[in-house]
Amino acid sequence: MKFGIVTFPGSNCDHDAYTVAKDVLGEQAEYIWHVTTDLESFDCIILPGGFSYGDYLRPGAIANFSPIMKAVREYSDRGGLILGVCNGFQILLESGLLPGALVRNKKMRFLGRSVYLRIEDNSTAFTNRYKHHQIINLPIAHGDGDYYNFSQNIQTLEKSGQVIFRYCTRDGELSPSANPNGSIGSIAGIVNRAGNVLGMMPHPERAAEALLGSADGLALFESIQAHIGNHKLRKTAS
Amino acid sequence: MTETDTMTDTKTRIAKVYINLKEGTLDPQGETIQKALRTMGYSKALSVRCGKVYEIEMEDDSPESKKQLEEICQRALANPVIEKFEIKW
């Protein structure tokens, strides 16, 4: 399969994502400059973390107006897999591909540390290699990660099972102290209704090799690999 | 158009756009500033909401320009999920 990693001016996790896709998973990977408009050849698009356009206006706001985002929206409409991490999540929210907004961390600080997360749904294209309610350890690095949405929209998200990751304690309990940025419902990652677009604040690409302190993020990329593999098998069979 | 032209062109209008968080949206920045004011002894400053002001030079203040600025605010300058905007001509 082939991963496409979008590089905006100011992206800085594109190399991490590329390394995981290419060297750790052994799949094809390619950087895509933000003015590209053809995404036909890719099986999964990654919007990486960083500070696209210096976070000017709002994090992710200007990136949303770059030429590639029209193609990303069409790619999503066709059911293509899109993973947005950190600034990539912010871009997905600005573009309306995912609902809600990310606002300044509740305690104002930029947070760079590792957190525990609970897998809320292991049936998605992005989490099928995890166990239900598995606790994983991933790094976060953000100043604007407090997930916000209107209360009726939060209810909709919860009811339709779109919350995929929640911040939790080492034992998997939800508590304000285990919620680093003040996100409503301890939300750390959500999918769209169709399940082909995932946005998350923690960085799985920075934790995909034991050498880096945690390999808990690897299963997310393996999930995508398995999902695409199955999809292609089915296509060949039919 | 040269720089002098811009400076002497009196037809252009500076519109001010005020962006602020909607009521009910948490504003940790404003809260931090308010706490600092209290620490400084300013007991009468009860709350602070922190926003942004943009000064935008528009070609003129015609209905078309007004419409365009309204659209700029909706599509780019404000995030409708969390922010509201006000335009002053």
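The structure under discussion appears in the preceding block.
As a starting point, this report considers the structure included with it. (Residues numbered from 1 in each chain as written. Chains lettered and ligands numbered in written order. Predicted model: local features only at pLDDT ≥ 70, side-chain atom pairs only at ≥ 80, totals over all residues. Heavy atoms only, no water.)

1. Digging into the overall build of chain A
Rules: Under the DSSP-based scheme used, a helix requires at least four consecutive residues in state H or I and a strand at least two consecutive residues in state E, with every element numbered from the N terminus. This radius of gyration counts C-alpha atoms alone. The globule rule is 2.2 Å times how many residues there are, raised to the power 0.38. Three exposure classes are used, based on accessible area relative to the maximum for each residue type with a 1.4 Å probe and protein chains only: buried under 20%, partly exposed in between, and exposed over 50%. For this analysis, residues touch if any pair of their heavy atoms sits within 4.5 Å. Residue burial considers only the protein chains on display, and all accessible areas are found by Shrake-Rupley using a 1.4 Å probe.
For chain A, the count of helices and strands is 5 helices and 11 strands. For 238 residues, the compact-globule estimate of 2.2 N^0.38 gives 18 Å, and chain A sits close to it at 16 Å. Dimensions along the principal axes, computed over C-alpha positions, put chain A at roughly 45 × 40 × 40 Å. Counting across all 238 residues of chain A, residues that qualify as buried make up 58%. Of all intrachain contacts in chain A linking residues separated by at least 6 positions in sequence, the fraction that spans at least 24 positions is 75%. As displayed, chain A has an accessible area near 10100 Å², and 50% of this comes from carbon and sulfur atoms.

2. Section: the pairing of strand β3 (residues 44-47) of chain A
All names here are of chain A. The cut-off we apply is this: When DSSP finds two or more bridges between two strands, those strands count as paired. By convention, orient the strands away from the viewer: a clockwise path from the first strand over the helix to the second makes the crossover right-handed.
Alternating residues of β3 divide into C44 and I46 and I45 and L47, and every residue in both groups is buried. The sheet contact formed by strand β1 (residues 2-7) and β3 spans 3 bridges and is parallel. Bridge pairing in β3 places I5 opposite I46. With respect to chirality, the unit in which β3 leads through helix α2 (residues 68-77) into the neighbouring parallel strand β4 (residues 81-85) is right-handed.

3. Some thoughts on helix α2 (residues 28-39) of chain B
Residue and element names in this part refer to chain B. What counts here: For a helix, the expected span equals 1.5 Å multiplied by the residue count minus one. The directions from the helix axis to the C-beta atoms are what the arc is built from.
With 12 residues, α2 extends 16 Å between its outermost C-alpha atoms, agreeing within 8% with the 16 Å of an ideal straight helix rising 1.5 Å per residue. Taken as a whole, α2 has its buried residues at P28, G30 and Q34. Buried residues of α2, seen end-on, are gathered within an arc of 160 degrees and therefore sit on one face of the element. Of the residues one or two after α2, G41 is the one with positive phi, at around 100 degrees.

4. A closer look at the nonpolar core
We count it as follows: Nine residue types can take part in a nonpolar core, namely buried Ala, Val, Leu, Ile, Met, Phe, Trp, Tyr and Cys, and a core is a set of them joined through side-chain atoms within 4.5 Å.
Grouped together as the largest cluster of nonpolar side chains are 68 residues, with contacts concentrated most on F3, L83, F165 and I224 of chain A. With 6 residues, helix α5 (residues 218-237) of chain A is the single largest residue contributor to this core. Judged by nonpolar contacts, the second largest core, of 11 residues, contains L57 of chain A together with A15, L69 and L77 of chain B.

5. Things to note about helix α3 (residues 63-77) of chain B
Residues and elements named next belong to chain B. With 15 residues, α3 should cover 21 Å at 1.5 Å per step; its first-to-last C-alpha distance of 20 Å lies within 8% of that length. Within the sequence span of α3, burial applies to S65, L69, C73, A76 and L77. One side of α3 carries all its buried residues, which in axial view fall inside an arc of 115 degrees. Among the exposed residues of α3, those oriented more than 90 degrees off its buried face are P63, E64, K67 and R75. Residues of α3 that are buried in the fold lie against β1 (13-21), β2 (52-58) and β3 (83-88).

6. Remarks on the sheet that holds strand β2 (residues 28-33) of chain A
All names here are of chain A. As a reminder of what qualifies: Angles here are taken between N-to-C directions and fall from 0 to 180 degrees, while the axes themselves are lines fitted to C-alpha atoms, restricted in helices to the stretch in contact.
Strand order in the open sheet made by the 9 strands is β2-β1-β3-β4-β11-β10-β9-β6-β7, with mixed pairing throughout. Taken across any chain shown, the strands that pair with only one partner, and hence form the sheet edges, are β2 and β7 (135-142). When strand polarity is set aside, the average angle formed by the axes of neighbouring strands in this sheet is 25 degrees. When strand β10 (residues 187-191) meets strand β11 (residues 197-200), the two strands line up antiparallel, connected through 3 bridges. Across the sheet, I190 pairs through a bridge with G199, a residue of β11. In this fold helix α3 (residues 87-95) packs onto β3, β4, β10 and β11, with an angle of close to 120 degrees to the strand it touches most, β4. Those strands touched by α5 are β1, β3, β4, β9 (163-168) and β11, and its axis lies near 170 degrees from that of β4.

7. Regarding the packing of aromatic side chains
Note the threshold: Pairing of aromatic rings covers Phe, Tyr and Trp, the last through its six-membered ring, and needs centres within 6.5 Å; plane angles under 30 degrees mean stacked, over 60 mean edge-to-face, and all others mean tilted. Here, over-ring charges are defined by two tests on the NZ atom of lysine or the CZ atom of arginine: distance to the ring centre within 6 Å, and angle to the ring normal within 35 degrees.
In this structure the tally under the stated criterion is 2 aromatic pairs over all chains. The residue whose ring lies beneath K2 of chain A is F42 of chain A, and the NZ or CZ to ring-centre distance is 5.0 Å. Taking the ring centre of Y18 of chain B as reference, the NZ or CZ of K88 of chain B above it sits at 5.2 Å.

8. Quick word on the side chain of N137 of chain A
Mapped onto the fold, N137 of chain A is located in strand β7. Those residues in contact with N137 of chain A, other than ones at most four positions away along the chain, are S114, V115, Y116, A207, S214 and D216 of chain A.

Just distances and angles here, no functional claims.
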